[in-house]
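Each chain, written out:
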Amino acid sequence: MSERSSIPSAPRKRPKPLAIDVRVPAQALSYPVVVGCCVLSRLGEELRQRHGSASRVAVISDDHVFPLHGEAAIRSLEAQGFAVTPVVVPAGEASKQVAVLVDVVDQLLKAGLGRRDAVVALGGGVIGDLAGLAAALFMRGIPVIQCPTSLLAQVDASVGGKVAVDLAAGKNLLGAFHFPLAVLIDPELLATLDDRQLASGLAEMLKHGALFSAEHFQHLVDAADAFFGRDYDVIAPLIATSVGLKAACVGRDPWEQSDAGKGRVLLNFGHTLGHAIEAASNYELAHGEAVALGMLASARVARAKGIAGADLEVTLRDAFARLRLPTDLDVWLSGERGAAVERMLGQDKKRSGGQLSFVVIARLGEPSVLSLHVRELLALARRSG
Ligand SMILES: NC(=O)c1ccc[n+]([C@@H]2O[C@H](COP(=O)([O-])OP(=O)(O)OC[C@H]3O[C@@H](n4cnc5c(N)ncnc54)[C@H](O)[C@@H]3O)[C@@H](O)[C@H]2O)c1
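Along each chain, residue indices are assigned from 1 in the same order as the chain's sequence is written. A pLDDT threshold of at least 70 governs which residues receive local features in this predicted model, and a stricter bar of 80 or more applies before side-chain atom pairs are shown or counted, although totals over entire chains, interfaces and linings include all residues. Side-chain calculation: all heavy atoms of the structure are included, whereas hydrogens and water are not.

## Let's talk about the overall build of the protein
Where we set the bar: Where helices and strands are cited, they refer to DSSP runs of H or I of at least four residues and of E of at least two residues respectively, numbered from the N terminus. Computation of the radius of gyration draws on C-alpha atoms, with the globule rule given as 2.2 Å multiplied by the number of residues to the power 0.38. Each residue is assigned to one of three classes by its accessible area relative to the maximum for its type, calculated with a 1.4 Å probe on protein chains only: buried under 20%, partly exposed between the two thresholds, exposed over 50%.
The helix and strand inventory of the protein stands at 15 helices and 11 strands. A compact globule built from 385 residues should have a C-alpha radius of gyration of about 21 Å, and the protein, at 24 Å, falls within 12% of that. With respect to the principal axes defined by its C-alpha atoms, the protein has extents near 95 × 60 × 35 Å. Taken across its 385 residues, the protein has 52% of its residues classed as buried.

So, in structure tokens, the structure goes:
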């Protein structure tokens, strides 16, 4: 008979799990955003000052922006002794995909970049997201300086550290938080941006005003001619105000963990339906155009819920018309397009248990968050008049 069976087994004492406290010095999350004419010519100095150990730099850009502004960026970096490799991808949302990301990372390797080197993102939001994610992943992460060239990227995409590519199942599904070393915003780069893309950026600026500052919202509407006339003395401070409003929100909730109605979730205003409309349009609508329609839908939902008056939709609609943004929401909520929007909403990555967090405003500057089912959301948004 074995010893084991003859001795009555005493209950085995489980050893206490060992908890080892690994202390990581707090990650520095602050970075400068510099807004001003000709800041691209200071790119080399900024990188030298903030990350002097780099010797090689990849300037990631797209084939619209690079021929226009690539040389200025490269000249500034070379003047500081950096070895520069341009990595140029086709312009457009289609470049925000895994295959392009892997190809970009391969090009960084071929260029001889190492752990101490850095990436510069020179382009619109697509490049900011793609280059930022490549920097986040390359050798477990190297710094990125964001040099946004579209208005949308200047006031929104470049600030906040979110970087991502799209998957077949939806936008921005593969991503990370990778805060930039610095953001350099030169409003004069908007000289080469077409008016439709300019308006797309204005939608995100109006969003910042609608959420946090009625005064900023009104200043933007009043500045319509200055924007389309590229009056940089008017444009630069308005860009800085929008960046400041977004940065304050991001600073309250850098990792988007707060659902309390105060955090980053608010920045989704107009985006829940906006992303679905953008995808249903096969990206024929610019991001900001879709977001404008999403904000209109939100005004309708807020009215149907008794949170906002009918005047809110009118205020938004007038502002969008003035800033050359679409207002034809109904064509996206009915028929085949409506069905496509509903399908896209069903895949929203921010959905939990069939419910979506949906941002509304009661009036300009007064946001709050509702929890709604996709069907309810669409039914409320469809209800007009
Ligand atoms: N990370 C974030 O927090 C965040 C926030 C908002 C949007 N985004 C992302 O940003 C993307 C949209 O950004 P976008 O609207 O800038 O798109 P984009 O990068 O595709 O740029 C729009 C077009 O303008 C061109 N362009 C950009 N700057 C130019 C310039 N100065 N002169 C001439 N042409 C220029 C581009 O080549 C492109 O053809 C989306 O993928 C969206 O998901 C990310």
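## Brief notes about unusual backbone geometry
Non-glycine residue R140 carries a positive phi angle of around 70 degrees. Looking at the secondary structure, you find R140 in the loop between α5 (125-137) and β5 (144-148). Backbone geometry at R324 places phi at a positive 60 degrees, although glycine is not the residue there.

## Some remarks on the domain arrangement of the protein
Short version of the rule: Residue ranges labeled as domains rest on an automatic or database domain assignment. Contacts: residue pairs with any heavy atoms within 4.5 Å of one another. Throughout, buried area stands for the accessible area (probe radius 1.4 Å) lost by two parts on being put together, summed over both. The salt bridge definition used is simple: a Lys or Arg side-chain nitrogen within 4 Å of an Asp or Glu carboxyl oxygen. In the analysis that follows, any N or O atom pair within 3.5 Å is treated as a polar contact, provided that within protein one partner can donate a hydrogen and the other can accept it, and provided that, for residues neighboring in sequence, both atoms belong to side chains. For this classification, the nonpolar set comprises Ala, Val, Leu, Ile, Met, Phe, Trp, Tyr, Cys and Pro, the charged set comprises Asp, Glu, Lys and Arg, and every other residue, Gly included, is treated as polar.
By domain assignment, the protein separates into domain 1 (33-192) and domain 2 (195-382). For domain 1 versus domain 2, the separation of C-alpha centres amounts to 26 Å. Taken together, the contacts link 23 residues of domain 1 with 32 residues of domain 2. Between domain 1 and domain 2, roughly 2,300 Å² of surface is buried when both sides are summed, and carbon and sulfur atoms account for 70% of that area. Contact with domain 2 buries surface across domain 1, with L151, V155 and K171 losing the most and accounting together for 25% of the total. Between domain 1 and domain 2 we count 2 salt bridges in total. We note a salt bridge from E278 to K171, for which the minimum N-O separation is 3.9 Å. The interface formed by domain 1 and domain 2 holds 5 residue pairs in polar contact (both at pLDDT 80 or more) in total. If you tally residues by element for the side of domain 1 that touches domain 2, the top one is helix α6 (residues 151-157), at 5 residues. Taken together, the residues of the side of domain 1 that touches domain 2 break down into 15 nonpolar, 3 polar and 5 charged.

## Thoughts on empty space enclosed by the protein
Applied cut-off: Using a 1 Å grid laid over the protein atoms alone, points where a 1.4 Å probe fits but cannot get out form a cavity; open sets with protein on both sides within 12 Å along at least 5 of 7 lines form a pocket; any residue with an atom within 4 Å of a point counts as lining. Grid points are joined across faces, edges and corners, and a volume is the space filled by probe spheres set on the points.
Following the criterion strictly, the structure yields 2 cavities of 30 Å³ or more and no others. Estimates place the volume of the largest cavity at around 40 Å³. Taken together, Q146, A157, S158, V159, G160, G161, K162, V163, H178 and P180 form the lining of the largest cavity. For the lining of the largest cavity, the per-class residue count stands at 4 nonpolar, 5 polar and 1 charged. By volume, the second largest cavity is sized at about 30 Å³. Lining the second largest cavity, in full, are G123, G124, G125, G128, Q146, P148, A153, A157 and S158. For the lining of the second largest cavity, the elements supplying multiple residues, two or more each, are α5, β5 and α6. Its residues placed into classes, the lining of the second largest cavity shows 3 nonpolar, 6 polar and no charged.

## Observations concerning the sheet that holds strand β1 (residues 33-35)
For the record, the criterion: A pair of strands is labelled paired if DSSP reports no fewer than 2 bridges between them. Note on geometry: axes are lines fitted to C-alpha atoms, helical ones only across the stretch in contact, with angles between N-to-C directions running from 0 to 180 degrees.
Read across the sheet, 6 strands follow the order β1-β8-β5-β4-β2-β3 without closing on themselves; strand pairing throughout is parallel. The open sheet has two edge strands, β1 and β3 (83-89), and neither has a second partner. With strand direction ignored, the average angle separating the axes of adjacent strands in the sheet is 15 degrees. Note that strand β4 (residues 118-123) and β5 share 5 bridges and pair parallel. Each bridged residue has a counterpart across the sheet, and for L122 the counterpart in β5 is C147.

## Overview of the pattern of salt bridges
Going through the model one piece at a time under the given rule, you end up with 20 salt bridges. When salt bridges with common partners are traced through the structure, they connect E93, K96, D129, D166, K171 and E278 into a single cluster.

## Side note on the site of the ligand
Let me state the cut-off plainly: Note on definitions. A residue lies near a molecule or strand when any single heavy atom of the residue is within 4 Å of it. Accessibility throughout is a Shrake-Rupley quantity obtained with a 1.4 Å probe, and a residue counts as covered only by protein chains that appear here.
Taken together, 26 residues form the shell around the ligand, and within it D62, E93, T149, S150 and T192 come nearest. At 2.7 Å, a side-chain N or O of T192 approaches a nitrogen atom of the ligand. Here the ligand loses 90% of its free accessible area of 860 Å² to cover by the protein chains. Elements represented by at least two residues in the shell around the ligand include exactly α3 (65-79), α5, α6 and β7 (170-177). For the shell around the ligand, a count of residues per class yields 8 nonpolar, 10 polar and 8 charged. Two domains each donate at least three residues to the shell around the ligand, and these are domain 1 (33-192) and domain 2 (195-382).

## Points about the side chain of S242
Mapped onto the fold, S242 is located in helix α10 (residues 232-252). Reaching out from S242, the side chain makes a polar contact with the side chain of H208 at a distance of 3.2 Å. Those residues within four positions of S242 in sequence are excluded, and the remaining contacts are V155, M205, H208 and H216.

## Some details on the state of the cysteines
Here is the rule we go by: Here, the term disulfide refers to a pair of cysteine sulfur atoms separated by no more than 2.5 Å.
Inspection of the entire model under this criterion finds 0 disulfides. Looking at the unpaired C37, the closest cysteine sulfur is the one in C38, lying at 5.9 Å. With no disulfide of its own, C147 lies closest to C38 among cysteine sulfurs, the gap being 13 Å.

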